[in-house]
Amino acid sequence: SANGGTGEATATNYSSGGGGGGSIRIDAGTVSGSGIVRANGGSAGSATYARGGGGSGGRIVVSATAIGALTWQARGGPSASEAGAAGTVVIEDLTAGTLTLTVDNADAPAAITPLTGGPFDLASLTVHGGAHLDLVADVTAGPVLVTSSSTLESTGLLVVGDLSLHNIENLI
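Residues numbered from 1 in each chain as written. Predicted model: local features only at pLDDT ≥ 70, side-chain atom pairs only at ≥ 80, totals over all residues. Heavy atoms only, no water.

**Student:** Tell me about the environment of Pro-109, and please be specific about residues and values.
**Tutor:** Locating Pro-109 in the fold gives a position in the loop between β6 (98–104) and β7 (112–115). Relative accessible area serves as the criterion here: at 63%, Pro-109 is assigned to the exposed category. Sequence separation between Pro-109 and Val-159 is 50 residues, and the spatial gap between their C-alpha atoms is 27 Å. Setting aside residues no more than four positions away along its own chain, Pro-109 makes contact with Ala-83 and Gly-84. (Helix = DSSP H or I, 4+ residues; strand = E, 2+ residues; numbered from the N terminus. Buried < 20%, exposed > 50% of the residue type's maximum accessible area, 1.4 Å probe, protein only. Contact = heavy atoms within 4.5 Å.)

In structure tokens, the structure reads:
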């Protein structure tokens, strides 16, 4: 794992924010096994007065010809004042020549996750679990799945092959 640290509270009832999740890159022929690969943001410190924010989730990139039954997590850290943004998980299937992007915050509040750079050509895009993704870059994706009180916003060009909305609160 490459999780961010937990913020600390001081004797004067103030706290620091959580650390951001780190980066994990896996380049392999086959990724096998089971378990959880994590790059989660840290929790803010607990305090009576000023509270720091949660650390944002990190980045996980996996590039392989075959991928086993692993679970990928890059979630934002919690805070009583400002939750961290969800991180990103990118899976590159070298056999199919495709990229998938998942932004998932496990049904917790999240700050905005910006996607910059690009343009990106994604086999699929999933925004789930309360995540808020802002596509600043131009993105072509199909299908696009937005679920569980999540938000997808696009200030760049978004070309969608198939759009599925499930219990969505915001599509901007």
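From this point, the discussion proceeds with the structure in view.
**Student:** So what about the sheet that holds strand β8 (residues 120–122)? Which residues, and what values?
**Tutor:** Within the open sheet, the three strands sit side by side as β8-β11-β14. Their pairing is parallel. Of all strands in the sheet, those bounded by a partner on one side alone are β8 and β14 (158–160). The mean angle between the axes of side-by-side strands here comes to 10 degrees, regardless of whether they run parallel or antiparallel. Sheet analysis places strand β11 (residues 139–141) next to β14, joined by three bridges and oriented parallel. Bridge pairing in β14 links Ala-141 to Val-160. (Pairing = 2+ DSSP bridges. Axes fitted to C-alpha atoms, helices over the stretch in contact; angles between N-to-C directions.)

**Student:** Any chance you could break down the side chain of Gln-73 for me, citing the residues and the numbers?
**Tutor:** By the element assignment, Gln-73 lies in strand β4 (residues 66–73). Exposure remark for Gln-73: the relative accessible area of 9% places this residue in the buried category.

**Student:** Please give an account of unusual backbone geometry that cites residues and values.
**Tutor:** The residue after Gly-118, namely Pro-119, is reached through a cis peptide bond having omega 10 degrees. The peptide bond linking Gly-142 to Pro-143 adopts the cis configuration, its omega dihedral lying at 0 degrees. The topology assignment puts Pro-143 in the loop between β11 and β12 (144–147). For Asp-107, which is not a glycine, the phi torsion comes out positive at approximately 60 degrees. Mapped onto the elements, Asp-107 comes out in the loop between β6 and β7.

**Student:** Can you lay out the side chain of His-132 for me, pointing to particular residues and giving the numbers?
**Tutor:** Here His-132 shows up in strand β10 (residues 132–135). Of the polar contacts made by the side chain of His-132, one reaches the side chain of Glu-153; its length is 2.6 Å. If sequence neighbours within four positions are ignored, His-132 has contacts with Ala-110, Ala-111, Ile-112, Thr-113, Thr-151 and Glu-153. (Polar contact = N/O pair within 3.5 Å; in protein donor to acceptor, adjacent residues only side chain to side chain.)

The values reported here are purely geometric and, on their own, carry no functional implication.
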